[in-house]
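Reading the structure
Here are the chains, one letter per residue:
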Amino acid sequence: MKGLITLLLPAYNESENIDYLYDELMKITKQLPYLVEFLFIDDGSKDNTLEKVKNLARFSNHVKYISFSRNFGKEAAIYAGLQHAKGEAVILMDTDLQHPPSLIPELVRGYEAGYHQVITKRDRRGETRFHKFMTSTFYRLMNKVSDVNLNDGEGDFRLLSRKAVDALLQLSEGNRFSKGLYSWIGLSQKTITYQNVQRESGKSKWSFSSLITYALDGILSFNTKPLRLCFYLGTVSLFLSFIYVLYMFISIIINGINVPGYFTIISSVLFLGGVQLLSIGIIGEYIGRIYNETKKRPHYIVNESNATELKTEVTAYPYPSKIYPQGTTRTEKKEKVGF
Ligand code: UDP
Ligand code: MG
């Protein structure tokens, strides 16, 4: 009995690419020792993407689709796809042909070698220098402020094992920043590098403002450091205002008052300003905690354990074979630590 692999394909206005992509994917996946399910997520396309997909589904029953009522964004499409994927592994890829289907066998090989995430990393050939500069700055900044480690060029084109998919589904937060989430769940990872491909047809859906939103999402969904900034600023300005007020007080005692009223006004402004900023910082600390709680992330993701198995049949010995399913050929790699 062959295993099943799901190809998760989010599509927004990609009608020109669907047929070609399907043909290419068929050519490649036919050679795999797996059954393959094509799961298209039509993200509220305005062209006839959905018709194209339905047409494919009419002729082959391994083509599945979910069509959104409107455009909800790629992150939502991926989430829906992960929820509905039936495969023992899921391959995420764009439908704009920027993710070369020829890499799929290598992804599957990585999976068979026991990795839970097989990630593709593209180089940045053919991009403008400005774009390269912006992205590298973005990643450097992100890794400084964020609690998770992000790598440039590693996008959504990746294979996830069932365990990784289930872990991602446990993260049910609304503002989904996938790149961070992949890193957050951990589990063993392998990276494959490939050459950047230009878009085949249609155009990228990224606008400058959506990139800014993306950057903000990335920074805000993985830490509350910006809130803590208030706290630090408040403390520093309160401290400085004390020194300044003290300095003025001493100079008044020595030199007398130059401008009447100046001392009282400036010292109360500085002092109150500092106190207010500090108070906002304290409130920010609470908000940060509330923010983290509301995401309801699981406290941990288990990689391996025998504790749950023991709980079911503690006294039975030798253990019934149903607890240890036969025929597991995959050997699982140890979890990689260090992010
Ligand atoms: N996409 C989507 N919903 C959106 C925007 C994009 O499902 O709101 C899909 C799109 O069809 C493509 C993938 O996400 O398959 C990547 O989109 P795009 O090529 O615009 O992003 P880029 O490759 O420039 O990062
Ligand atoms: Mg693209």
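Look above for the structure.
First, a word on scope: everything that follows refers to the structure included in this document. From a predicted model like this one, the values you see are computed outputs, not experimental measurements.

A closer look at the coordination of the magnesium ion (ligand 2)
- Taken together, Asp 96 (OD) and Gln 98 (OE1) make up the full set of protein donors to the magnesium ion (ligand 2), lying 1.9 Å away.
- When its relative accessible area of 4% is taken as the criterion, Asp 96 is described as buried.
- Among the residues examined, Gln 98 registers a relative accessible area of 23% and is labelled partly exposed.

Observations concerning the environment of Ser 279
- Relative to the assigned elements, Ser 279 resides in helix 10 (residues 262–294).
- Residue classification places Ser 279 among the partly exposed positions, given a relative accessible area of 34%.
- Taking the C-alpha atoms as reference points, Ser 279 and Cys 230, separated by 49 residues in sequence, lie 8.6 Å from one another.

Here we look at empty space enclosed by the protein
- Enumeration according to the criterion identifies two cavities of 30 Å³ or more in this entry.
- Empty space within the largest cavity amounts to approximately 50 Å³.
- Lining the largest cavity, in full, are Glu 75, Ile 78, Tyr 79, Leu 82, Leu 168, Arg 176, Ser 178, Leu 181 and Tyr 182.
- Every element with two or more residues in the lining of the largest cavity is listed here: helix 3 (74–84) and helix 7 (178–185).
- By residue number, the principal contributor to the lining of the largest cavity is helix 3, which donates four residues.

Some remarks on the sheet that holds strand 3 (residues 63–67)
- Overall, mixed pairing links the seven strands, which are arranged 3-2-1-4-6-5-7 in an open sheet. Of all the strands in the sheet, the pair left with one neighbour each is strand 3 and strand 7 (189–194). Strand-to-strand, the axes of this sheet are offset by a mean angle of 20°, without reference to chain direction.
- Note that strand 2 (residues 34–42) and strand 3 share five bridges and pair parallel. Note on strand 3: the bridge partner recorded for Asp 42 is Ser 67.
- Contacting strand 1 (3–11), strand 2, strand 3, strand 4 (89–92) and strand 6 (154–161), helix 3 crosses the sheet at an angle of about 160° to strand 1.

The rules behind each value
- Residues numbered from 1 in each chain as written.
- Chains lettered and ligands numbered in written order.
- Predicted model: local features only at pLDDT ≥ 70, side-chain atom pairs only at ≥ 80, totals over all residues.
- Heavy atoms only, no water.
- Donors = N, O, S within 2.8 Å, 3.2 Å for Na, K, Ca; no water.
- Buried < 20%, exposed > 50% of the residue type's maximum accessible area, 1.4 Å probe, protein only.
- Helix = DSSP H or I, 4+ residues; strand = E, 2+ residues; numbered from the N terminus.
- 1 Å grid on protein atoms, 1.4 Å probe; cavity = no way out; pocket = protein on both sides within 12 Å on 5 of 7 lines; lining within 4 Å.
- Points joined across faces, edges and corners; volume = space filled by probe spheres on them.
- Pairing = 2+ DSSP bridges.
- Axes fitted to C-alpha atoms, helices over the stretch in contact; angles between N-to-C directions.
- Contact = heavy atoms within 4.5 Å.

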